[in-house]
Amino acid sequence: MCSSLWGLHHGFNPVLSRLCVFQGFKLLGILDVQRTPCARDAILHGAGGSVAAGMLYFLATSRVRRSFDVGLAGFILTTLGSWFYCRINNAKLRVQQRVIQEGIRNKVIYEGTVLDPSNKPKADARSGSS
């Protein structure tokens, strides 16, 4: 909705900008799906898992109420599984980014000094001249 409203005017509108900044979808009033990492994907995967589990159970047994229960369990399990998988992968990425940033920072700090590991004299050059 914000993108269509932004296209209607040519200047800055403070009221419209406040509407678009605070616009979001909160699940059960506590989880802001738009701003929480992995939340949207986890909810979508959970919905798909719930439909698949409920339909498969219904096709196998023709029990409606139990199929609903299986679908709800499928939603919960798929959502939690997708959420934790995504969060763990994001944590691994953050650790890798921190290691790379520290390495780049050390390279910038030590470049051209005696402590620079890429400027170490080679052992072959010393032994060959003797």
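Calculation notes
- Residues numbered from 1 in each chain as written.
- Predicted model: local features only at pLDDT ≥ 70, side-chain atom pairs only at ≥ 80, totals over all residues.
- Heavy atoms only, no water.
- UniProt positions renumbered as here; feature names shortened; annotations may be inferred.
- Helix = DSSP H or I, 4+ residues; strand = E, 2+ residues; numbered from the N terminus.
- Buried < 20%, exposed > 50% of the residue type's maximum accessible area, 1.4 Å probe, protein only.
- Contact = heavy atoms within 4.5 Å.
- Areas by Shrake-Rupley, 256 points an atom, 1.4 Å probe, with all protein chains shown as cover.
- Expected span 1.5 Å × (residues − 1).
- Disulfide = S-S within 2.5 Å.
- Axes fitted to C-alpha atoms, helices over the stretch in contact; angles between N-to-C directions.
- Parallel < 35°, antiparallel > 145°, perpendicular 65-115°, else oblique.
- Left-handed = near helix turned anticlockwise from the far one by under 90°.

- Within an unreviewed UniProt entry, the label attached to the chain reads Cytochrome c oxidase assembly protein COX20, mitochondrial, and the organism entered is Cyprinodon variegatus.
- Within the UniProt record for the chain, the comment given under Sequence similarities (unreviewed entry) is "Belongs to the COX20 family."

**Section: the overall build of the chain**
Alright, step 1. Within the chain, the regular secondary structure consists of five helices and two strands.
Alright, step 2. Counting from the amino terminus, helix and strand elements in the chain follow one another as α-α-β-β-α-α-α.
Alright, step 3. Residue burial in the chain is summarised as follows: out of 130 residues, 15% are buried.
Alright, step 4. Sequence separation of at least 24 residues holds for 39% of the intrachain contacts in the chain that already meet a minimum separation of 6.
Alright, step 5. Accessible area for the chain stands at about 10,600 Å²; split by element, carbon and sulfur atoms hold 65% of it.

**What about helix 3 (residues 39-61)?**
Alright, step 1. Given a rise of 1.5 Å per residue, 23 residues ought to cover 33 Å, and the 32 Å separating the end C-alpha atoms of helix 3 matches this to within 8%.
Alright, step 2. Those residues of helix 3 not exposed but buried are Ala 39, Ala 42, Gly 46, Gly 49, Ser 50 and Gly 54.
Alright, step 3. Downstream of helix 3 by one or two residues, Ser 62 has phi in the positive range, about 60 degrees.

**Some remarks on the UniProt feature "transmembrane region" (unreviewed entry) in the chain**
Alright, step 1. The positions that UniProt labels "transmembrane region" (unreviewed entry) are, in the present scheme, residues 42-60 and 67-85.
Alright, step 2. Segment residues 42-60 splits into 100% helix and 0% strand. End C-alpha atoms: 27 Å apart.
Alright, step 3. Taken as a whole, residues 67-85 contains 100% helix and 0% strand, while its terminal C-alpha atoms sit 26 Å from one another.

**Observations regarding the state of the cysteines**
Alright, step 1. All chains considered together, the criterion is met by one disulfide.
Alright, step 2. Bridging Cys 38 to Cys 86, the disulfide has an S-S length of 2.0 Å. Taking the sign of the torsion about the S-S bond as the criterion, the disulfide between Cys 38 and Cys 86, at about -70 degrees, is left-handed. With a gap of 48 residues between them, Cys 38 in the loop between strand 2 (31-32) and helix 3 and Cys 86 in helix 4 (residues 64-110) connect regions that are remote in the sequence. Cys 86 shares its class with Cys 38; the two are buried.

**Examining helix 4**
Alright, step 1. With 47 residues, helix 4 ought to run about 69 Å at 1.5 Å a step, and its terminal C-alpha atoms sit 68 Å apart, in line with that.
Alright, step 2. When helix 4 is considered as a whole, its buried residues turn out to be Ser 67, Gly 71, Gly 74, Thr 79, Ser 82 and Cys 86.
Alright, step 3. Looking at the buried positions of helix 4, the neighbouring elements they touch are helix 3.

**Some remarks on the packing of helix 3 against helix 4**
Alright, step 1. The interhelical angle for the contact between helix 3 and helix 4, taken along N-to-C directions, is 150 degrees, at an axis separation of 7 Å. Accordingly, the angle class assigned to the pair helix 3 and helix 4 is roughly antiparallel. Between helix 3 and helix 4 lies a crossing of right-handed hand.

**Concerning unusual backbone geometry**
Alright, step 1. The backbone of Cys 38 sits at a positive phi, close to 75 degrees, despite the residue not being glycine.
Alright, step 2. Unlike most non-glycine residues, Ser 62 shows phi in positive territory, near 60 degrees.
Alright, step 3. Relative to the helices and strands, Ser 62 is located in the loop between helix 3 and helix 4.

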